[in-house]
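Coordinate analysis (summary)
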Amino acid sequence: MDKVKVIEIKKSVFADNDEDAARLRSELKRRGVYLLNLMSSPGSGKTTTLIQTLKRLEGRLRVSVMEADIDSDVDAIKIQEATGVPSIQLHTGGMCHLDAEMTRQGLDNVALSDSDLVILENVGNLVCPAEFDTGAVRNAMILSVPEGHDKPLKYPLMFSVCDLVLVNKTDVMPYFDFDMDKCREYVHMRNPKAVIIPICAKTGEGIDAFADWLVQEVKNWKQQ
Amino acid sequence: MHELGIVFYIIRDVKEAAQANGVGHVDAVVMDIGEVSTIIPDYLQDCWRWAADKEDMLRGCELKINTINAVTRCGDCGAEYGTVEHGKTCPVCQSANTWLIRGNEVEIKEIQVNDNN
Ligand SMILES: Nc1nc2c(ncn2[C@@H]2O[C@H](COP(=O)(O)OP(=O)(O)OP(=O)(O)O)[C@@H](O)[C@H]2O)c(=O)[nH]1
Ligand SMILES: [Mg+2]
Ligand SMILES: [Zn+2]
């Protein structure tokens, strides 16, 4: 009979990624670069919001964008054409999220010495990206009105890892039964400290508040 | 798709552990997977088979999954209850001041190798 030998490992699958991410964060800190990880479901308005926001950050912060996508590069081209902000496309090769190693590889193609802020548009997905620390200083997410105010109940991890929640597409509020007060309540159940900013990427409403938040965050990060 | 990323992490960790222990081939990997970890065991198995068979060290290696029941604790009345049945609200005192105490694991527990060499 074959004898089975057991080798105990007892290790979280995420342990190595968490270490990679912490290392990346401290490197960015040293170089004075702030990395924001922006997440949402597909189509919530990440790219549209970025275009609006980048226009308002001109002259205030030097920004670069990394667009993660499973296989296309439409978003990076769109950003670059609409705003002139340098954007690179990261392909995840079929993967539904980015981890710290992939983020680092992407950052190798970004002019970090000319950037105060790098915004990473993560793959459109409310589940997987929340599991993986990318090395970002903060996580932000966009919840759009048509998705409903109950999303923090259904995707608890995503909302508990986000420091900022942008509630987008407020222009369509009249057509949906989206309840902003409930939304705030549910988001704060997951993360009592989360900042919530209602925005409309279509009209630009609320985008100034987001831009101000970013300027303040970057300032704090560089001074800390 | 989430599961495929996880499988690559498992493969990396298992290969490391096998090499550290001078093991040539791994017969089984035992995982502890929490009920609310968002991992779907069937998908994980499918991804595992596809990816593990590409590695000499892991060809035919079985993935065994222990499911860890999710338990939440109430900070107000101290009750511990099943997360899947009751969610974030304590069924005893209705408090929302509760936190998960287990059920989020995605852990490699051990590897099993043939020891007759
Ligand atoms: N009505 C309305 N539509 C919006 C708003 N913001 C974005 N949209 C529309 O929503 C659609 C998706 O927007 P995108 O910015 O491409 O969304 P995304 O999150 O980048 O999408 P993926 O990268 O595919 O995940 C587009 O048709 C936008 O025009 C808004 O504030 N109001
Ligand atoms: Mg996009
Ligand atoms: Zn209670």
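Higher on the page you've got the structure.
Structure report, in brief. The model shown is predicted, which means the values in this text are computed figures rather than measured ones.

Reading the values: the criteria
- Residues numbered from 1 in each chain as written.
- Chains lettered and ligands numbered in written order.
- Predicted model: local features only at pLDDT ≥ 70, side-chain atom pairs only at ≥ 80, totals over all residues.
- Heavy atoms only, no water.
- Donors = N, O, S within 2.8 Å, 3.2 Å for Na, K, Ca; no water.
- Helix = DSSP H or I, 4+ residues; strand = E, 2+ residues; numbered from the N terminus.
- Phe/Tyr/Trp six-rings, centres within 6.5 Å; stacked < 30°, edge-to-face > 60°.
- Buried < 20%, exposed > 50% of the residue type's maximum accessible area, 1.4 Å probe, protein only.
- Lys NZ or Arg CZ within 6 Å of the ring centre and 35° of its normal.
- Near = heavy atom within 4 Å.
- Polar contact = N/O pair within 3.5 Å; in protein donor to acceptor, adjacent residues only side chain to side chain.
- Areas by Shrake-Rupley, 256 points an atom, 1.4 Å probe, with all protein chains shown as cover.
- Nonpolar A, V, L, I, M, F, W, Y, C, P; charged D, E, K, R; others polar.
- Expected span 1.5 Å × (residues − 1).
- Arc of directions from axis to C-beta.
- Pairing = 2+ DSSP bridges.
- Axes fitted to C-alpha atoms, helices over the stretch in contact; angles between N-to-C directions.

So, on to the coordination of the zinc ion (ligand 3). Residue and element names in this part refer to chain B. Each protein donor to the zinc ion (ligand 3) is listed here as Cys 74 (SG), Cys 77 (SG), Cys 90 (SG) and Cys 93 (SG); together their distances run 2.3 to 2.4 Å. Along the chain, the residues that donate to the zinc ion (ligand 3) are spaced as C-x2-C-x12-C-x2-C. Separated by 19 residues along the polypeptide, Cys 74 in strand S3 (residues 71-74) and Cys 93 in the loop between helix H3 (83-86) and strand S5 (98-102) bring together distant segments of the chain.

Attention now goes to the packing of aromatic side chains. If you walk through the whole model with that rule in mind, you get three aromatic pairs over all chains. Measuring from centroid to centroid gives 6.3 Å for A:Tyr34 and A:Trp221, while their planes differ by 90 degrees, and the two rings are edge-to-face. Residue A:Tyr34 is located in strand S2 (residues 34-40), and its partner A:Trp221 is located in helix H8 (residues 207-223); the two are separated by 187 residues in the primary sequence. What makes A:Trp221 buried here is its relative accessible area of 11%. Here the aromatic residues A:Phe14, A:Phe132 and B:Tyr9 are joined through ring pairs into a cluster of three or more. If you follow A:Lys29 out to its NZ or CZ, it ends over the ring of A:Trp221, 4.5 Å from the centre.

So, about the site of ligand 1. Residues and elements named next belong to chain A. Lining the immediate surroundings of ligand 1 are 18 residues, of which Lys 46, Thr 47, Thr 48, Glu 121 and Asp 171 lie closest. Between Gly 45 and ligand 1, the recorded distance is 3.0 Å, taken from a backbone N or O atom to an oxygen atom. Between ligand 1 and the protein, one listed contact pairs an oxygen atom with a side-chain N or O atom of Thr 48 at 2.5 Å. Contact with the protein chains hides 69% of the accessible area of ligand 1, taken as 650 Å² for the molecule alone. Of the residues forming the shell around ligand 1, the biggest block, three residues, is contributed by helix H2 (residues 46-57). Here the shell around ligand 1 is built from residues that sort into four nonpolar, eight polar and six charged.

Residue and element names in this part refer to chain B. Taking 1.5 Å per residue as the helical rise, helix H2 (residues 41-52) with its twelve residues ought to reach 16 Å, and the 16 Å between its terminal C-alpha atoms agrees with that figure. Those residues of H2 not exposed but buried are Leu 44, Cys 47, Trp 48, Ala 51 and Ala 52. Projected down its long axis, H2 shows its buried positions confined to an angular sector of 110 degrees, all on one face. Structural note: H2 exposes Asp 42 and Asp 46 on the side pointing more than 90 degrees away from its buried face.

So, about the pairing of S3(B). Residue and element names in this part refer to chain B. Judged from the three bridges that link them, S3 and strand S4 (residues 80-82) form a sheet pairing that is antiparallel. Across the sheet, residue Val 71 finds its bridge partner in S4, namely Gly 82. Hairpin connection, S3 to S4: the antiparallel pair is bridged by five residues, and Gly 78 has positive phi, about 80 degrees. As paired strands, S3 and S5 are joined by four bridges and run antiparallel to one another.

Let's shift gears to the sheet that holds strand S1 (residues 4-12) of chain A. Picture the strands of a sheet paired through backbone hydrogen bonds; they go either parallel or antiparallel. Pairing is mixed across the open sheet formed by four strands, whose spatial order is S1(A)-S6(B)-S1(B)-S2(B). Of all strands in the sheet, those bounded by a partner on one side alone are S1 of chain A together with strand S2 (62-68) of chain B. Averaged over neighbouring strand pairs, the angle between their axes works out to 20 degrees when direction is ignored. Taken together, the six bridges between strand S1 (residues 28-34) of chain B and strand S6 (residues 106-114) of chain B define a ladder with antiparallel strand orientation. When the bridges of S6(B) are listed, B:Val29 appears paired with B:Ile111.

Residue and element names in this part refer to chain A. Protein coordination at the magnesium ion (ligand 2): the donors are Thr 47 (OG1), Asp 75 (OD) and Glu 121 (OE), at 2.1 to 2.3 Å from the metal. Along the chain, the residues donating to the magnesium ion (ligand 2) are arranged with the sequence spacing T-x27-D-x45-E. Pair noted here: Asp 75 is in helix H3 (residues 74-83) and Glu 121 is in strand S5 (residues 117-121), with a separation of 46 residues, a long-range link. As far as burial versus exposure is concerned, Asp 75 and Glu 121 are alike and both buried.

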